[in-house]
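# Structural description and commentary
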Amino acid sequence: MLHENLSINEKNHLEIAGVDTVSLAEKYGTPLYVMDEERIRHNARVYINAMKKYMGEISRPLFASKACCFKRLYSIIAEEGMATDLVSPGELYTAKMAGFPLENSYFHGNNKTDADIEFAIDSGVGHFIADNREELDAISRIAGEKGICQKVILRLTPGIDPHTQAKISTGKVDSKFGTAIETGQAMEIVKYTLSLANIELEGFHCHIGSQIFEYESFSDAAEIMLRFIKAVKDECGYEVPVLNLGGGFGVRYVESDPQIDYEANIKGLAGEIKKMCAELGINQPCILMEPGRSIVADSGLTLYTVGSVKTITGYKSYVSIDGGMPDNPRYALYESDYSVLLANKAADKAEITATVAGRCCESGDLIQEDVKLPKAQRGDTMAVLVTGAYNYSMASNYNRLPRPAVVMVKDGESYVAVRRETYEDLCRNDM
Ligand SMILES: *Cc1c(COP(=O)(O)O)cnc(C)c1O
């Protein structure tokens, strides 16, 4: 099947990590997020080991929390010895509550408030990824008040538009993130940073986008960044020790997406970086990467129950499910591709082409269009595959729907990692 943790059992049911998804739907109810713990650990190890092996002992991946964030996930990431990036005080708080070693965290965001900065420093966040001048001033001042020197990485834009969707490509010069190298503003902000008290400039960061399937886009970015490290060395007499290349290799959502060998790509990228450093006459920096989806996406799937099957004569068919854009807004936002199947008729032949619609009062509430399915009926269990990233973390309560539970499977068993929201939860803050 699409990924090796998926299979079909003798009952014609879809299994994930050897656990029957129809039984999970019966036991926990739907909609339900299911995540394969071993798959998350496996993906983390692939990055950790390959980066160590090919990019040097201190190079490492940071899990991009925004892909998926809850306490149990931070425990798993921490157990694997993986560092993390945090983009908000809420993610920081969650990591802290999970007992995540925050010295191994990197605090992102293009507009950190003074309160965020203070909270992060007080919580012992190891590293800041600073976006702009105002933020640097605030970090310097607050670190000064606390009597510490804060390690900072500067976010820069290398001016690269990888061949990916415009909405998720962020390394272009006119991005809202970071400071452009091309315009000369990056060199200015580096000089400014070096002049500030209570800040240690560790290195530079760039993020060229997501769903990148080949390392060549990363090595193009690396080349620009390494040249910049060299330019800073020549002009300021300071060679930064860290280069953060951002996230993240792509993920296979549908059969037509390539299968990607992360280790081979990391090895290829490492070779290019080594060569470029030698040519430029600089030390090879510690390399950081920020994979999000490639750590968690293929560990997950979402289970729904089919409610109705409607054929508009001469037009199209709709299969309606008991979830939708509140638990997976990615089709509504980006028209993202997903693989959809009926978990209780997993190997049955496709007989209909249908649009999978959610239950919201919103005509854009679709999960996928033109899906080939076996004959569907009320009560069938539908599975949407590869939803471990940017589903739970993007979920909302739109239409006042409670967010689904997250259930983890491991060693043939299942356990609740995040409980299903109740109606009381929905009114919790209402006065
Ligand atoms: C979103 C994001 C990531 C993670 O991207 P993936 O595609 O999930 O790997 C990493 N770094 C930054 C700065 C991001 O904005």
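This report concerns the structure included in the present document. The shown structure was predicted, so the numbers you read here are calculated from the model rather than taken from an experiment. As a convention, each chain's residues are numbered from 1 in the sequence order in which they are written. Two thresholds apply to this predicted model, a pLDDT of at least 70 for residue-level local features and 80 or more for giving and counting side-chain atom pairs, whereas whole-chain, interface and lining totals are computed over all residues. Water and hydrogen atoms play no part in the side-chain values, which are based on all heavy atoms of the structure.

## With respect to the site of the ligand
Just so we agree on the cut-off: The rule for a residue being near a molecule or strand is that one of its heavy atoms must lie within 4 Å of it. In protein, a polar contact means a hydrogen-donor-capable atom and an acceptor-capable atom, both N or O and within 3.5 Å, with residues adjacent in sequence counting only if both atoms are side-chain atoms; elsewhere, any N or O pair within 3.5 Å suffices. Every accessible area reported is derived by Shrake-Rupley at a probe size of 1.4 Å, with residue values counting cover from the shown protein chains alone. Amino acids outside the nonpolar list (Ala, Val, Leu, Ile, Met, Phe, Trp, Tyr, Cys, Pro) and the charged list (Asp, Glu, Lys, Arg) are all regarded as polar, and Gly is one of them.
Every one of the 15 residues lining the ligand counts as a neighbour, but Lys66, Ser210, Glu290, Arg293 and Tyr390 are closest to it. The contact in question runs from an oxygen atom of the ligand to an N or O atom on the side chain of Ser210, over 2.6 Å. A distance of 2.9 Å is found between an oxygen atom of the ligand and a backbone nitrogen or oxygen belonging to Gly292. Here the ligand, which alone exposes 390 Å², has 93% of that area covered by the protein. Taken together, the residues of the shell around the ligand break down into three nonpolar, seven polar and five charged.

## As for the packing of helix α6 (residues 133–146) against helix α7 (residues 185–195)
Which entries qualify depends on this criterion: As a rule, the C-alpha atoms of each element are fitted with a line to give its axis, helices using only the stretch in contact, and angles between N-to-C directions run from 0 to 180 degrees. Elements are defined by DSSP. Helices are runs of H or I of four residues or more, strands are runs of E of two residues or more, and each kind is numbered from the N terminus. An angle below 35 degrees is treated as roughly parallel, one above 145 as roughly antiparallel, one from 65 to 115 as roughly perpendicular, and anything else as oblique. Should any heavy atoms of two residues lie within 4.5 Å, those residues are considered in contact.
Between α6 and α7, the least distance of the axes is 11 Å, while the angle of their chain directions is 10°. Relative to α7, the element α6 lies roughly parallel. Listed contacts from α7 to Arg133, Leu136 and Asp137 of α6 are Glu188, Ile189, Tyr192 and Thr193. For the contact of α6 with α7, the per-class residue count stands at three nonpolar, one polar and three charged.

## Some remarks on the packing of helix α2 (residues 37–55) against helix α9 (residues 262–280)
Applicable threshold: The handedness criterion is simple: a crossing whose near helix is rotated anticlockwise from the far helix by less than a right angle is left-handed, and one whose near helix is rotated clockwise is right-handed.
Running from N to C, α2 and α9 point in directions that differ by 25°, and their axes come no closer than 9 Å. In terms of orientation, α2 and α9 fall into the roughly parallel class. As α2 runs across α9, the sense of the crossing is right-handed. The residues of α9 that touch α2, namely those facing Val46, Tyr47, Ala50, Met51, Lys53, Tyr54 and Met55, are Tyr262, Glu263, Ile266, Lys267, Leu269, Ala270 and Ile273.

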